Amino acid sequence: MFKNKTKKLFVCTLCILLSVLCLSSCGARMKLTFESGSIVSGNTKYTPAPISYKPRTYIPDEKFATLDHPIYGKIHLYEVEGTNGGWIYCPTDDTLYRISSVAVPTLEMMDPTSILISTNGNKELSIATLEDKETVKALADLIGKKEDAAVEDNGLIPVRTNKLSFISEEYPHIVYSVSYYEYSNGTYRIYDRDLMLYFEVGSEIHDLLNTANTETTTDAATTE
């Protein structure tokens, strides 16, 4: 059974590499185009992943390709680092694309082990990392329950917003991102843009953020 799984993985990887090599070598002759939201070049097709999926890292100095977007004009695409061209990223519209032979894993399949907490804006700054695996699993399971665990929009304006990126050892090149909100009434929620659902959470992230802010303030005072 192990040999069969290894063989299938090898064949799948080989197919991706051949597709990408063909796209790269034929790039000068084959024009990349948008067709129904996908990027197409010959028999190679990249489809957009759900908006909750983002690259963990990509190579900004090495353009994978450049093409004309129907809305944004000329855009640049970048290879997600370590995926051999299986995933590409467009920063212009913040979209992650996958080659058609690559499946999008669910959050449960990713089996995340940590959560990177960062600022929520055009320029993301890392603030802290939640590494308690039980808490990470509990949050991932909560999202996995979808409508069964979701709560109604409370109509309040959050007093703090952050971005949470679930990091996986099984899929180290992509992350699953959600928004984190804190409200003046002392409640905390996460919002999944892809599912368009809110989930009520405990104070673990709030406490970690406060600890990180305290440490930053202490370091600044020590420096002065």
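Residues numbered from 1 in each chain as written. Predicted model: local features only at pLDDT ≥ 70, side-chain atom pairs only at ≥ 80, totals over all residues. Heavy atoms only, no water.

Caption draft 1: Broad picture of the packing of aromatic side chains. The final tally for this structure, using the stated rule, is nine aromatic pairs. An angle of 90° between the planes, with centres 5.0 Å apart, marks the rings of Tyr-53 and Tyr-176 as edge-to-face. Residue Tyr-53 is found in strand β4 (residues 53-55), and its partner Tyr-176 is found in strand β12 (residues 174-182); the two are separated by 123 residues along the sequence. On the basis of relative accessible area, Tyr-53 is assigned to the buried category, the value being 5%. Relative to Tyr-176, the ring of Phe-166 has its centre 6.5 Å away and its plane inclined at 70°; by these criteria the two rings are edge-to-face. Remark: Tyr-176 occurs in strand β12 and Phe-166 occurs in strand β11 (residues 160-167); sequence separation between them is 10 residues. In textbook terms, an aromatic cluster arises when at least three aromatic residues are bridged by ring pairs, as seen for Tyr-181, Tyr-183, Tyr-191 and Tyr-198. (Phe/Tyr/Trp six-rings, centres within 6.5 Å; stacked < 30°, edge-to-face > 60°. Helix = DSSP H or I, 4+ residues; strand = E, 2+ residues; numbered from the N terminus. Buried < 20%, exposed > 50% of the residue type's maximum accessible area, 1.4 Å probe, protein only.)

Caption draft 2: Structural view of the side chain of His-206. With respect to the element layout, His-206 can be found in helix α4 (residues 204-223). At a separation of 3.0 Å, a polar atom in the side chain of His-206 contacts the side chain of Glu-182. Every residue in contact with His-206, bar those within four places of it in the chain, is listed here: Arg-160, Tyr-180, Glu-182 and Tyr-188. (Polar contact = N/O pair within 3.5 Å; in protein donor to acceptor, adjacent residues only side chain to side chain. Contact = heavy atoms within 4.5 Å.)

Caption draft 3: Spotlight on the nonpolar core. Of all hydrophobic cores here, the largest spans 44 residues; its most connected members are Ile-39, Leu-77 and Phe-166. Among the elements that take part in this core, helix α3 (residues 133-144) stands out by supplying five residues, more than any other. (Core = buried A, V, L, I, M, F, W, Y, C linked by side-chain atoms within 4.5 Å.)

Caption draft 4: Quick peek at the confidence of the model for the protein chain. When pLDDT is averaged along the protein chain, the result is 83, and 80% of the positions lie at 70 or above. Note on residues 1-30: pLDDT is under 50 here. Beyond four places in sequence and across chains, it has 22 contacts. Across residues 216-224 the pLDDT falls below 50, and counting only partners more than four positions away or on other chains, this stretch makes zero contacts in the model. (pLDDT = per-residue confidence, 0-100.)

Caption draft 5: Representation of a negative patch on the surface within the structure. Taken together, the side chains of Glu-108, Asp-111, Glu-169 and Glu-170 define an acidic patch exposed on the protein surface. Within the element layout of this structure, Glu-169 appears in the loop between β11 and β12. On the basis of relative accessible area, Glu-169 is assigned to the exposed category, the value being 62%. (Patch = residues over 30% accessible without salt bridge, like charges linked within 9 Å, V, L, I, M, F, W, Y side chains within 5 Å. Areas by Shrake-Rupley, 256 points an atom, 1.4 Å probe, with all protein chains shown as cover. Salt bridge = Lys/Arg side-chain N within 4 Å of Asp/Glu carboxyl O. Lys, Arg positive; Asp, Glu negative; His and termini not counted. Charge placed at Lys NZ, Arg CZ, Asp CG, Glu CD.)

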